[in-house]
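Fold and geometry: a report
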Number of protein chains: 2
Amino acid sequence: MPSIDVCFSPELLHLYNLTGKIAVVVDVLRATSSMVTALSHGVTHITPVSELEACLAYREKGYLVAAERDGLKADGFDLGNSPFHYLEEDRTGRFLAITTTNGTKAMRLSSSADEVLAGAFLNVGAVADYLRKAGKDVVVVCAGWKGLFNLEDTLFAGALADRLQGEFTFDHDATQAAWHLYNTAKEDKMGFLANASHVQRMKRLDILKDTEFCLQEDVYTVVPVLQGDILVAAE
Amino acid sequence: MPSIDVCFSPELLHLYNLTGKIAVVVDVLRATSSMVTALSHGVTHITPVSELEACLAYREKGYLVAAERDGLKADGFDLGNSPFHYLEEDRTGRFLAITTTNGTKAMRLSSSADEVLAGAFLNVGAVADYLRKAGKDVVVVCAGWKGLFNLEDTLFAGALADRLQGEFTFDHDATQAAWHLYNTAKEDKMGFLANASHVQRMKRLDILKDTEFCLQEDVYTVVPVLQGDILVAAE
C-alpha cells in the first residue's frame with residue numbers, strides 16, 4: 001500500500017526523499033487556492049514566481065499578473081492573490097504569472113519528486129482521485145509561513161489523508177497529527193482557525209471572505225500539475 | 001501576558017528568537033524523562049553528550065555513564081536510556097553522563113535562551129510552576145526524531161500549554177496544534193501513540209513499559225535546568 005507523509009515546512013524538506021513520489025504542495029491561504037480557481041475559470045498556464053518585479057515582467061509577454069503586498073493587490077498588477085479575482089471576468093485562454101513567496105519556494109524544493117501537484121480544499125477530492133490512480137507514495141508539502149508550521153495547510157494535509165484512509169498508510173507522525181487535527185476541525189474549520197496566526201493577520205485586512213471561500217471542499221475538479229516551471233490542469 | 005510557542009524540530013529552531021525567553025527542551029522517549037527520573041533519585045549533575053565514546057570517557061572521572069544503541073544498553077555502559085534504570089539502585093550524589101542524540105542537539109541549539117529547562121510528562125506540573133514564577137516567554141523545543149516532527153514531544157508541548165492556559169497566550173499555530181492534539185489524546189495517550197513511529201520502533205524492542213512510565217504526569221517535582229553544559233535540579 002502506498003504511504004502518505006506530511007512535511008510541515010519547506011525548511012524540513014531536505015529530510016524527505018521525494019524520489020519516485022508525488023509531492024502535493026499546499027498554500028491554502030491563498031496561493032494554491034487561487035491557482036486552482038484560476039485554472040477552473042479559463043486560465044490555461046500558471047507561472048509561480050517568487051519576486052514581485054519578475055512577476056510584473058510577464059505582463060509584457062501578455063500574461064495576467066497577480067501579486068499581493070500585505071494582503072492587498074500590489075500596485076501595477078492585474079490581480080491580487082484573492083481567488084475571487086478569477087471569478088470576476090472571463091479569463092479563457094489566459095496565461096497567468098502569480099507571486100507567492102511560500103508556495104513558489106515549496107514547489108521549487110519539491111522538484112525532485114516524480115510529479116508536483118498543487119492542492120487546496122477546493123480540489124481535495126480531485127487530488128485524492130489523482131493520487132489513488134497514480135498509486136505512488138505521497139508527500140504533502142505545506143508551504144507554511146516564513147518556514148513556520150501553520151494550521152491551515154496542516155488541515156488540508158489531514159483532509160487529504162482522510163480521503164485516502166484505508167488506501168494509503170499513514171504511519172508517519174506528521175500524517176497522524178494532521179489527520180487528528182482535521183478531524184477536530186472539520187465541522188467548523190473557520191471556527192477552529194479563528195485564532196490561527198494567518199487568519200488573525202487576514203482579519204485585520206477584512207479578507208475573512210477569502211478564508212471562507214478557501215476552506216470549502218470539492219468546489220473544483222481541476223488538478224494543477226507542474227510541467228517544468230509551469231502549472232497546467234492535469235488531463 | 002507572556003506567550004508559549006512550540007518548535008517542532010531542532011531543524012526549525014533558527015526561525016525562533018530565544019533571546020530573553022525560556023527554552024523547555026523535551027525528548028519524552030526517553031532522554032528528558034530519564035534525566036528527570038535520575039535527578040529525582042539522587043543524581044546531582046547530568047552531562048548530556050552526543051557521542052557514545054565521549055560519554056564513556058566520563059567513567060574515568062567517576063561518573064555513571066548511560067547510553068543506548070537500538071533501544072538497548074550499549075556495551076560497556078552502566079545504564080541504558082530507560083528511566084527504570086534510575087530506580088534500581090541508590091544513586092545519591094552521583095554524577096551522570098548520558099548520550100542522547102536528539103536531546104543534546106536540541107539543548108545545544110537552545111543555548112541563546114535565558115534559561116534552558118528539561119521537560120517531560122513526569123515533571124510537567126513542576127515545569128509549569130517554574131514558568132509561571134519566571135513570567136518570561138517560553139519556547140518548547142521538541143527534540144523530534146532525526147529532525148522530524150514527532151507526536152510524543154508534541155503532546156508534551158500541548159500538556160504544558162494546557163497547564164498554562166489563561167496565564168500565557170498561545171497565539172502561535174504550533175502551540176494551538178499541540179494543545180488540540182493533547183486534548184484529543186489525554187484520556188489515553190498510550191492508545192493515541194500506539195501507531196506513532198517511535199512507539200512502533202519501541203514495541204519491536206519490548207520497551208512499551210518505558211513508554212507507559214514516561215507518559216505519566218506529575219510523578220516528580222524536579223525541574224532540570226542547564227548551567228553551562230550541565231543539568232542540575234532548579235532550587
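The structure under discussion appears in the preceding block.
Since the model is a prediction, treat every value here as computed from it, not as a measurement.

**Concerning the interface of chain B and chain A**
Listed as interface residues are 26 residues of chain B and, on the opposing side, 26 residues of chain A. For the pairing of chain B and chain A, the buried interface totals around 2000 Å² over both sides, and the portion due to carbon and sulfur atoms is 64%. Counting across the interface, chain B meets chain A through zero salt bridges. Here chain B is connected to chain A by four residue pairs in polar contact (both at pLDDT 80 or more).

**Looking at the relation of the copies chain B and chain A**
If you rotate chain B by 180° and push it 0.0 Å along the axis, it lands on chain A with an RMSD of 0.0 Å. Put plainly, the chains are arranged around a two-fold axis. For chain B, the minimum C-alpha distance to the rotation axis belongs to leucine 181 of chain B and amounts to 3.4 Å.

**Details of unusual backbone geometry**
All names here are of chain A. Cis geometry marks the peptide bond from leucine 29 to arginine 30, where omega comes out at 5°. Within the secondary structure, arginine 30 is located in the loop between β2 (22–26) and α1 (31–40). Unusually for a residue other than glycine, lysine 146 sits at a positive phi of about 50°. Counting through the fold element by element, lysine 146 comes out in the loop between β9 (138–142) and α5 (151–163). You will see that aspartate 218, though not glycine, has its phi angle at about 60°, which is positive.

**Structural notes on the pairing of strand β11 (residues 230–233) of chain B**
Residue and element names in this part refer to chain B. The sheet contact formed by strand β10 (residues 224–227) and β11 spans four bridges and is antiparallel. If you follow glutamine 227 over to β11, its bridge partner there is isoleucine 230. The hairpin formed by β10 and β11 contains two residues between the paired strands, and glycine 228 there has a positive phi angle of roughly 65°.

**Brief notes about the packing of α5 of chain A against helix α6 (residues 173–185) of chain A**
All names here are of chain A. Where α5 meets α6, the axes come as close as 7 Å, and the angle between the chain directions of the two elements is 95°. Regarding the angle of α5 to α6, the classification is roughly perpendicular. Facing α5, whose interface residues are Thr154, Leu155, Ala157, Gly158, Ala159, Ala161 and Asp162, α6 presents Thr175, Ala178, Trp179, Leu181, Tyr182, Asn183 and Ala185.

**Describing the packing of aromatic side chains**
Evaluated as defined, the whole model comprises 15 aromatic pairs over all chains. Here tyrosine 63 of chain A and phenylalanine 95 of chain A contribute two aromatic rings whose centre-to-centre distance is 5.4 Å and whose plane-to-plane angle is 85°, an arrangement assigned as edge-to-face. Taken together, the residues span a long stretch of sequence, with tyrosine 63 of chain A in the loop between α2 (52–57) and β4 (64–66) and phenylalanine 95 of chain A in strand β7 (residues 95–99) at a distance of 32 residues. Among the residues examined, tyrosine 63 of chain A registers a relative accessible area of 13% and is labelled buried. In this structure an aromatic cluster arises from ring pairing among Phe8 and Phe149 of chain A together with Phe8 and Phe149 of chain B. Looking at lysine 189 of chain B, its charged tip hangs above the ring of phenylalanine 121 of chain B, at a distance of 4.8 Å from the centre. Stacked on the ring of phenylalanine 84 of chain B, the Lys or Arg lysine 209 of chain B has its end atom at 4.1 Å from the ring centre.

Thresholds applied
- Residues numbered from 1 in each chain as written.
- Chains lettered and ligands numbered in written order.
- Predicted model: local features only at pLDDT ≥ 70, side-chain atom pairs only at ≥ 80, totals over all residues.
- Heavy atoms only, no water.
- Contact = heavy atoms within 4.5 Å.
- Buried area = accessible area lost by both parts, 1.4 Å probe.
- Salt bridge = Lys/Arg side-chain N within 4 Å of Asp/Glu carboxyl O.
- Polar contact = N/O pair within 3.5 Å; in protein donor to acceptor, adjacent residues only side chain to side chain.
- Least-squares fit on C-alpha atoms with pLDDT ≥ 70 in both.
- Helix = DSSP H or I, 4+ residues; strand = E, 2+ residues; numbered from the N terminus.
- Pairing = 2+ DSSP bridges.
- Axes fitted to C-alpha atoms, helices over the stretch in contact; angles between N-to-C directions.
- Parallel < 35°, antiparallel > 145°, perpendicular 65-115°, else oblique.
- Phe/Tyr/Trp six-rings, centres within 6.5 Å; stacked < 30°, edge-to-face > 60°.
- Buried < 20%, exposed > 50% of the residue type's maximum accessible area, 1.4 Å probe, protein only.
- Lys NZ or Arg CZ within 6 Å of the ring centre and 35° of its normal.

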